[in-house]
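Tertiary structure, described
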Amino acid sequence: MRPGPGEVLHFSEDPRIERFAPHVAATAQQPEAYVWAVDAERAPDYWFPRQCPRAMAWTGDGTTDEDRERIAGAGCGDRVHAIEFGWLEAMRTTRLYAYRFDITQFRPFERHAFVATETVVPLGPAEPVGDLLRLHEAAGIQLRLLDNVWPFWDAVVASSMRYSGIRLRNARPRP
């Protein structure tokens, strides 16, 4: 589930949204109101239940072979997503939907997202994303289940891998 050419996606557990109005999210680190969306590269960051804490790492320019082996693992590809065991059932059962938007209604936001400052209407109805575990498998993304995500996260941010952490405040406490 990725956007087509000229599109960005917004993921939601609600399949009935007809218009997206800019708002300031409760977790926002900036005061501006936005509608958020992602491109094909960052779409896998959102193949999760909304509240699921996840630590993600992938190779990029400057990633050392040693860090790729240490973080992703030998023979495990170039991208790894980690969640805690307590979220596995939600990964299996959550129904996630994708909304497609014309990218011209959005502007890049830093390196990880696109934002709109006006109300936007999807290009069509919400599309079911499908089985979140199979989606990872089909994309060749390793999905790692951990008792606690923090040791992995600490290793990732200290490495030469590119990374993203989402909803980490929902993770178990640090050991």
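Before reading on, note that the structure itself is shown above.
Here is a short report on the structure shown in this document. Since the structure is predicted, the reported quantities are computational estimates derived from the model, not experimental observations.

**Digging into the layout of surface pockets**
Empty space within the largest pocket amounts to approximately 1,100 Å³. If you trace the largest pocket, you find 38 residues lining it, with Thr-27, Trp-36, Tyr-46, Ile-166 and Arg-167 closest to the centre. Counting residues per element, the ones that place at least two in the lining of the largest pocket are strand E1 (7-12), strand E2 (35-37) and strand E10 (162-166). Broken down by class, the residue content of the lining of the largest pocket amounts to 21 nonpolar, nine polar and eight charged.

**A few points about the environment of Ala-21**
One can find Ala-21 in the loop between E1 and E2. Looking at Ala-21, the relative accessible area reads 47%, which means it is partly exposed. Taking the C-alpha atoms as reference points, Ala-21 and Ala-90, 69 residues apart in sequence, are found 28 Å from one another. The residues contacting Ala-21, other than those within four sequence positions of it, are Tyr-34, Val-35 and Thr-119.

**Notes on the pairing of strand E4 (residues 79-84)**
Burial within E4 is extensive, with six of its six residues counted as buried. Alternating residues of E4 divide into Arg-79, His-81 and Ile-83 and Val-80, Ala-82 and Glu-84, and every residue in both groups is buried. Both strand E3 (residues 54-58) and E4 contribute to a ladder of four bridges, which runs antiparallel. Note on E4: the bridge partner recorded for Ala-55 is Ala-82.

**What to know about the sheet that holds strand E8 (residues 127-128)**
Strand order in the open sheet formed by three strands is E1-E5-E8, with antiparallel pairing between adjacent strands. At either end of the open sheet lies a strand with only one pairing partner, and these are E1 and E8. In this sheet, E8 lies alongside strand E5 (residues 97-102) in antiparallel orientation, the contact comprising two bridges. Across the sheet, Tyr-97 pairs through a bridge with Pro-128, a residue of E8.

**Some words on the packing of aromatic side chains**
Taken as a whole, this structure holds eight aromatic pairs when the rule is applied. Relative to Tyr-99, the ring of Phe-20 lies with its centre 5.0 Å away and its plane at 70 degrees, an arrangement referred to as edge-to-face. Highlighted residues: Phe-20 in the loop between E1 and E2 and Tyr-99 in strand E5, separated in sequence by 79 residues. Overall, the relative accessible area of 7% leaves Phe-20 in the buried class. The lysine or arginine in question, Arg-79, covers the ring of Trp-58, its NZ or CZ lying 4.4 Å from the ring centre.

**Notes on the pattern of salt bridges**
In a structure, side chains of opposite charge can pair up when their charged atoms sit close to one another. Tallied over the entire structure, the rule returns twelve salt bridges. For Arg-79, the salt bridge identified is with Asp-45, shortest N-O distance 2.4 Å. One end of the pair, Arg-79, is in strand E4; the other, Asp-45, is in the loop between E2 and E3, and 34 residues separate them in sequence. Of the charged contacts in the structure, one is a salt bridge between Asp-147 and Arg-172, with a shortest N-O distance of 2.7 Å. With Asp-147 in the loop between strand E9 (142-146) and helix H4 (150-157) and Arg-172 in the segment after E10, this pair connects stretches of sequence that are 25 residues apart. In this structure Asp-147 comes out as exposed when scored by relative accessible area, which is 53%. Among the charged side chains, a network of salt bridges with common partners joins Glu-7, Arg-100 and Glu-127.

Thresholds, definitions, all that
Residues numbered from 1 in each chain as written. Predicted model: local features only at pLDDT ≥ 70, side-chain atom pairs only at ≥ 80, totals over all residues. Heavy atoms only, no water. 1 Å grid on protein atoms, 1.4 Å probe; cavity = no way out; pocket = protein on both sides within 12 Å on 5 of 7 lines; lining within 4 Å. Points joined across faces, edges and corners; volume = space filled by probe spheres on them. Helix = DSSP H or I, 4+ residues; strand = E, 2+ residues; numbered from the N terminus. Nonpolar A, V, L, I, M, F, W, Y, C, P; charged D, E, K, R; others polar. Buried < 20%, exposed > 50% of the residue type's maximum accessible area, 1.4 Å probe, protein only. Contact = heavy atoms within 4.5 Å. Pairing = 2+ DSSP bridges. Phe/Tyr/Trp six-rings, centres within 6.5 Å; stacked < 30°, edge-to-face > 60°. Lys NZ or Arg CZ within 6 Å of the ring centre and 35° of its normal. Salt bridge = Lys/Arg side-chain N within 4 Å of Asp/Glu carboxyl O.

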